Amino acid sequence: LDRVVPLRDLKAIADAYAVSIVDLSHKTRNGNVRWDEAAASVASARKDIDRLWRAYLATELVAEEERIIAGLKPLMAEADRRTDELERILAARDQAALDRFTIEALYPAIDPVSEGFSRLVELQTVVAREVYEEAEQEYRRSRMIYVSAVAVLLLLSGAFSWRLIVGITLPLARATRHCAAIAEGDLGTEVVVDRNDEIGELLASLAAMQVQLKGIVTEVREGSVAIDHGAG
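Residues numbered from 1 in each chain as written. Predicted model: local features only at pLDDT ≥ 70, side-chain atom pairs only at ≥ 80, totals over all residues. Heavy atoms only, no water.

1. Things to note about helix α2 (residues 35–57)
Under the convention used in this document: Here a strand is any run of E in DSSP of at least two residues, a helix any run of H or I of at least four, and the numbering for each starts at the N terminus. In this scheme, a helix's expected span is set at 1.5 Å multiplied by one less than its residue total. Note on classification: 1.4 Å probe, protein chains only; a residue is buried when its accessible area is under 20% of the maximum for its type, exposed when over 50%, partly exposed between these limits. When checking whether two residues touch, look at their non-hydrogen atoms; a contact exists if any pair is within 4.5 Å.
Compared with an ideal rise of 1.5 Å per residue, which puts 23 residues at 33 Å, α2 spans 33 Å between its outermost C-alpha atoms and is within 8% of the ideal. Taken together, the buried positions of α2 are W35, A38, V42, A45, I49, L52, W53 and Y56. Its buried side turned inward, α2 meets α1 (4–29), α3 (63–92) and α4 (95–183).

Encoded structure:
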């Protein structure tokens, strides 16, 4: 919006001066354009120039643009003064005055303005290239940050997943070994409950089951001993 659109508008302003004022003056002088058509075209061109110029000045300007604009404003004021004179000539349909105007006053008033707009147009392309290069650098930096962030997140998620898996599988494997030992009749291995989560509850249940089984086994043995004594 600050470079491409102004580039278009500046070209339109330059064309308005070159075509709708300079070229039209010569065509009217040569009889190729009627006086009333020429007057209407000049008036329309001045409105377009004023509208587009105001729009351009409202954009973000760099220091070099402001310098060129400062030098261009008095030249545009002189061009406006000469264009006022041209409109009076067209309204009066004064052929002799138009002849003198196109020979003596037209180019000295318009050419410096056209040169100023040419410098502004060239500057737009230079600044646009600089903005593009800055955007490219910012894109590269952003891409590097993004890739680095994704890599860090992958590492963190991998570490978290590994910790989660280890935190689940190792206690489950320990619970499985306790179950196997109990199933084989080994009630001497202590079941250590060192967690407060669901796996801890499982280990606590195994420990309680182990205690109960020990109690049952003890009772059975004591009953067997009593029976032996009674039989003896």
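Picking up after the structure, the text goes on.
2. A short note on a nonpolar patch on the surface
Spelled out, the test is: Residues with no salt bridge and a relative accessible area higher than 30% make up the patches, which join like charges within 9 Å and nonpolar side chains (Val, Leu, Ile, Met, Phe, Trp, Tyr) within 5 Å. Surface accessibility in these figures is a Shrake-Rupley result with a 1.4 Å probe; residues are shielded only by whichever protein chains are displayed. Salt bridges are defined as contacts in which a side-chain nitrogen from Lys or Arg sits within 4 Å of a carboxyl oxygen from Asp or Glu.
Taken together, the side chains of F160, L164, I168, L172 and L202 define a hydrophobic patch exposed on the protein surface, amounting to about 440 Å² of accessible area. When residues of the nonpolar patch are assigned to their parent elements, the largest contribution, four residues, is made by α4. Counting through the fold element by element, L202 comes out in helix α5 (residues 198–231). Since its relative accessible area comes to 37%, L202 is described here as partly exposed.

3. Observations concerning the packing of aromatic side chains
Aromatic ring pairs are reported here in terms of the distance separating the ring centres and the angle at which the planes meet. Here is the rule we go by: Any pair of Phe, Tyr and Trp rings, taking the six-membered ring for Trp, is counted once the centres come within 6.5 Å. Such a pair is stacked with planes under 30 degrees apart, edge-to-face with planes over 60 apart, and tilted for the rest.
For the coordinates displayed, the defined rule picks out three aromatic pairs. Taken together, a centroid distance of 6.1 Å and an interplanar angle of 40 degrees make the contact between Y17 and F117 tilted. With a gap of 100 residues between them, Y17 in helix α1 and F117 in helix α4 connect regions that are remote in the sequence. There is no split in this pair, since Y17 and F117 are both buried. Here the aromatic residues Y17, W53, Y56 and F117 are joined through ring pairs into a cluster of three or more.

4. Quick look at the pattern of salt bridges
Opposite charge on two side chains allows them to pair when their charged atoms are near. Tallied over the full model, the rule gives 16 salt bridges. A salt bridge links K27 to D23; the nearest nitrogen and oxygen atoms lie 3.3 Å apart. Remark: D23 and K27 occur in helix α1; sequence separation between them is four residues, near one turn of the helix. Exposure remark for K27: the relative accessible area of 36% places this residue in the partly exposed category. Across the pair R46 and D84 runs a salt bridge whose closest N-O atoms are separated by 2.4 Å.

5. Some remarks on the packing of α1 against α2
Note the threshold: Each axis is a line fitted through C-alpha atoms, taken for helices only over the stretch in contact, and angles between the N-to-C directions span 0 to 180 degrees. Just so you know how the angles are binned, under 35 degrees is roughly parallel, over 145 roughly antiparallel, 65 to 115 roughly perpendicular, and the rest oblique. A clockwise turn of the near helix away from the far one marks a right-handed crossing, whereas an anticlockwise turn of less than a right angle marks a left-handed crossing. Any residue that is not Ala, Val, Leu, Ile, Met, Phe, Trp, Tyr, Cys, Pro, Asp, Glu, Lys or Arg is counted as polar, Gly included; the first ten are nonpolar and the last four charged.
Taken N-terminus to C-terminus, the directions of α1 and α2 make an angle of 160 degrees; their axes are 9 Å apart at the nearest point. Classified by the interaxial angle, the pair formed by α1 and α2 is roughly antiparallel. In this structure, α1 crosses over α2, and the sense of that crossing is left-handed. Contact with α1, carried on its side by P6, D9, L10, A12, I13, A16, Y17, S20, I21, L24 and T28, involves W35, A38, S41, V42, A45, I49, L52, W53, A55 and Y56 of α2 and no other residues of that element. Tallied by class, residues from the contact of α1 with α2 come to 17 nonpolar, three polar and one charged.

By themselves, these figures tell us nothing about what the structure is for.
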